[in-house]
Amino acid sequence: MRVSITLLWAAFLIKKVVGEHGMAHFSDKGKSKGKDYCIFFNSQWAHLPQDLNKASRLQIYDLTPSVLCSPSDVPEGGFPNRIPMVMRGNCTFYEKVRLAQINGAKGLLIVSKDRLTPPAGNKTQYEEIDIPVALLSYSDMLDISKTFGKGRVVAMYAPKEPVLDYNMVIIFLMAVGTVAIGGYWAGSKDSKKRYMKHKRDDSTEKQDEETVDVTPIMICVFVVMCCSMLVLLYLFYDHLAIWVIAIFCMASSVGLYSCLWPFVRRLPFCKCRIPENNLPYLHKRPQIRMLLLSAFCIAVSVTWVVFRNEDQWAWVLQDTLGIAFCLYMLKTIRLPTFKACTLLLAVLFIYDVFFVFITPFFTKSGESIMMEVAAGPADSSTHEKLPMVLKVPRLNSSPLALCDRPFSLLGFGDVLVPGLLVAYCHRFDILTQSSRIYFVACTIAYGIGLLITFVALAVMQMGQPALLYLVPCTLLTSLAVALWRRELVQFWTGSGFVPPIALAPINCTQTAAPPPPTEGPPTDPEPQSTETANQSEDPPPYPVQDTPATEKEENKSE
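The residue numbering used here restarts from 1 in each chain and proceeds along that chain's sequence as written. Residues qualify for local features only when their pLDDT is at least 70, as the model is predicted, and side-chain atom pairs are given and counted only at 80 or more; totals for whole chains, interfaces and linings, by contrast, use all residues. Excluding hydrogens and water, the side-chain figures rest on all heavy atoms present in the structure.

Novice: For this particular structure, what's the right way to read the state of the cysteines?
Specialist: Linking two cysteines covalently via their sulfur atoms produces the bond known as a disulfide. Cysteine sulfur pairs qualify as disulfides if the two atoms are within 2.5 Å. Applying the stated criterion to the full structure yields 1 disulfide. Across the disulfide from C69 sits C91; the S-S distance is 2.0 Å. Judged by the sign of its S-S torsion, about -80°, the bond between C69 and C91 is left-handed. With C69 in the loop between strand 3 (58-63) and strand 4 (82-87) and C91 in the loop between strand 4 and helix 2 (93-102), this pair connects stretches of sequence that are 22 residues apart. Under the relative-accessibility criterion, C69 is labelled partly exposed at 22%. No disulfide involves C297; its sulfur sits 8.9 Å from the nearest other cysteine sulfur, which is in C259. In this scheme, a residue with accessible area under 20% of its type's maximum is buried, one over 50% is exposed, and one in between is partly exposed, where area comes from a 1.4 Å probe on protein chains only. With relative accessibility at 1%, the residue C297 sits in the buried group. Each helix is a run of DSSP H or I of at least 4 residues and each strand a run of E of at least 2, with the numbering of both proceeding from the N terminus.

Novice: Just to check I follow, could you spell out the pairing of strand 7 (residues 152-157) for this structure?
Specialist: The two faces of the sheet receive side chains in turn, since in a regular strand these alternate between them. With 6 of 6 residues buried, strand 7 lies mostly within the body of the structure. Because side chains alternate across strand 7, one face comprises the buried residues R152, V154 and M156, and the other comprises V153, A155 and Y157, equally buried. Strands pair, by our definition, only if DSSP identifies at least two bridges between them. Both strand 1 (residues 20-28) and strand 7 contribute to a ladder of 6 bridges, which runs antiparallel. Looking across to strand 7, one finds that H25 is bridged to A155. Two elements, strand 3 and strand 7, share 2 bridges in a ladder whose sense is antiparallel. Residue L58 lies in a different strand from strand 7, and its bridge partner there is V154.

Novice: Looking at this structure, how should I read unusual backbone geometry?
Specialist: Outside of glycine, negative phi angles account for most residues, and trans bonds account for most peptide bonds. For Q433, which is not a glycine, the phi torsion comes out positive at approximately 55°. As for its position among the elements, Q433 is in the loop between helix 12 (413-432) and helix 13 (437-460). Within the chain, R486 stands out as a residue other than glycine whose phi angle is a positive 60°. If you trace the backbone, R486 turns up in the loop between helix 14 (467-484) and helix 15 (488-493).

Novice: Just checking my understanding: could you explain helix 8 (residues 288-306) for this structure?
Specialist: Because each turn of an α-helix spans 3.6 residues, side chains separated by three or four positions end up pointing in the same direction. In this analysis, the expected span of each helix is defined as 1.5 Å times one less than the number of residues it contains. Between its first and last C-alpha atoms helix 8 spans 27 Å; for 19 residues at 1.5 Å apiece the expected length is 27 Å, and the two agree. Among the residues of helix 8, R289, M290, L293, C297, V300, S301 and W304 are the ones counted as buried. All buried residues of helix 8 project into a common sector of 110° when viewed along the axis, lining one side. Of the exposed residues in helix 8, the ones pointing more than 90 degrees away from its buried face are L292 and V306. Each element contacted by the buried residues of helix 8 is listed here: helix 7 (237-264) and helix 9 (314-332). Summarising the geometry, the arc corresponds to the directions from the helix axis toward the C-beta atoms. The contact rule is simple, with two residues in contact once any of their heavy atoms fall within 4.5 Å.

Novice: Got a minute to help me understand the pattern of salt bridges in this structure?
Specialist: If the charged atoms of two oppositely charged side chains come close together, the side chains can form a pair. Salt bridge, as applied in this entry: a Lys or Arg side-chain nitrogen positioned within 4 Å of an Asp or Glu carboxyl oxygen. With the rule as written, the count across this model stands at 6 salt bridges. When the shortest N-O distance is used, the salt bridge between E128 and R98 registers 3.4 Å. One end of the pair, E128, is in helix 3 (residues 123-128); the other, R98, is in helix 2, and 30 residues separate them in sequence.

Novice: Help me understand the sheet that holds strand 5 (residues 108-112), please; the structure alone is not making it clear to me.
Specialist: Strands belonging to one sheet form pairs held by backbone hydrogen bonds; the direction of such a pair is parallel or antiparallel. Pairing within the closed barrel is mixed, and its 7 strands lie in the order 1-2-6-5-4-3-7. If you compare each strand with its neighbour and ignore which way they point, the axes differ by 40° on average. Here 5 bridges tie strand 3 to strand 4, and the two strands are oriented parallel to one another. For I60, the partnering residue across the bridge sits in strand 4 and is I83. The convention used is that axes are lines fitted to C-alpha atoms, helices contributing only their stretch in contact, and that angles between N-to-C directions extend from 0 to 180 degrees. Docked against the sheet, helix 2 engages strand 4, strand 5 and strand 6 (133-137), running at close to 140° with respect to strand 5. Strand contacts of helix 4 (residues 138-147): strand 1, strand 2 (34-41), strand 4, strand 5, strand 6 and strand 7, with the helix running at about 80° to strand 6, the strand carrying the most contacts.

Novice: Whenever I open this one, the side chain of N42 confuses me. Can you help?
Specialist: Checked against the element boundaries, N42 lands in the loop between strand 2 and strand 3. When its relative accessible area of 9% is taken as the criterion, N42 is described as buried. Contact partners of N42, with chain neighbours within four places excluded, come to P119, A120, Y126 and V133.

Novice: Which parts of the structure should I look at to understand the pairing of strand 1?
Specialist: For strand 1, the tally of buried residues reaches 7 of 9 residues, placing the bulk of the element in the interior. Across 8 bridges, the pairing between strand 1 and strand 2 is antiparallel. Bridge pairing in strand 2 places F26 opposite K35. Hairpin connection from strand 1 to strand 2: 5 residues lie between these consecutive antiparallel strands, with G30 at a positive phi of about 90°.

Novice: Hey, could you run me through the packing of helix 12 against helix 13 in this one?
Specialist: A pair of packed helices can be characterised by two numbers: the angle between their axes and the separation between those axes. Viewed as axis vectors pointing N to C, helix 12 and helix 13 meet at an angle of 160°, and their least axial separation amounts to 7 Å. The angle between helix 12 and helix 13 places the two elements in the roughly antiparallel class. Packed against helix 12, whose contacting residues are D414, V415, P418, L421, V422, C425, H426, F428 and D429, the element helix 13 presents I437, Y438, F439, C442, T443 and Y446 at the interface. Residues are grouped as follows: Ala, Val, Leu, Ile, Met, Phe, Trp, Tyr, Cys and Pro are nonpolar; Asp, Glu, Lys and Arg are charged; all remaining types, including Gly, are polar. Class assignment of the residues belonging to the contact of helix 12 with helix 13 gives a composition of 11 nonpolar, 2 polar and 2 charged. By the definition adopted for this analysis, an angle is roughly parallel if under 35 degrees, roughly antiparallel if over 145, roughly perpendicular if from 65 to 115, and oblique otherwise.

Set out below in structure tokens:
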């Protein structure tokens, strides 16, 4: 309880330091058409109007060669009814804005070459100053100088941001749909691999991927690798981002092929194989449609790589490839027990909370390492964005769309980690014939946890570690269902997957009757047909219940 209160208090402090985003609408004097630029302000100096029509249009006084730290920097006549634009540095925000206010300014724009931080002060300074002060990026200042003439005017305002953007609905549907489909598919494929026999011909049915059982050691190694990779990305983002993009391109191509092949294999054409050859990867003579599908998946990934910075439509390709990658991973990676599920989710729960809520206290910028890496550093020279997220552009008009945050993001880990638990629940449902109650309950719990994440995002107005809400919802719900059905031991150890073989004691009082004597020479039994022999080798589609020895002997005596 004390830890939870500390985390909430830390989140509150981080929010207070961050400040608020607003807009600066620039235009030429006498013209209504203009352009909006992102600004960063502190409402404790002075509030900005929420509507552009209510904001005062004031002329800009370009003083960017100066930093406005001493009276000698003030031009003759001051800034009557104007807004000076000065460079950041050499003195505090309070000294700059005090000089501007004394000399008749109605506001102050401070141009920063570094990361935009809120212009802070103390309570006494806030009470003394009654004009708005905001920070503007250096690149935006250069664009303003090129776009508008010397008589440009500016109106600063802060439109009210919606509590939640409509794009959250799209992210919710994509995440819950991926978890539900991936969990259902993984459970079904696993049961087929256990109880159905592969065909012996070299047909496409043998191309199913093998699953990987996760062990506790693998979980520990995975978490250490995640922590190390996240820190390395934070320190060397520009050098490692392109490698992450290349790995995602290859992995998503495989995932897209895995998702589309079950549909393509049902098509009645292009079943012919390529001629015999000694080429690598082609000597097994794959079907033509397999090669065409592979080429299509690679083409989709390459198209995304080439146009990945096109914000208008490239996000659709990224989300499609991301969902395919998540489905492939859910089908391939298998948690064999609920114990393994609990260990993985608990460790990643701590990992997510630490890198979102705790790391801001150790970074110079005050931003969390997780959010910095997910959204991309503002000072990145390459301006690359990591593709390991589902992203949807904001559908409402918001200052965040101009402040290098035009998308809402949900990391792949927030889909994959709970999805592995959902897949385990579905396998347990199938193999214990429990009408998929575990699967449905865990999927609904995931959706509820995601909704709680969105509510926390709206209340705190900052990035949230989704696993903070998803892990308790899914784990506790699965545990509650197991307790209610009195299957906790089987659910915890996964013993439902391998039914125990009970050796019943031999009952000596009941003996089978001797077979009747046969007349004539013994005849050789008829050999089984190949089809019958093959059928006898196939395991049954469901676990075979053990039959007591007494019942077996009674059946024989009858």
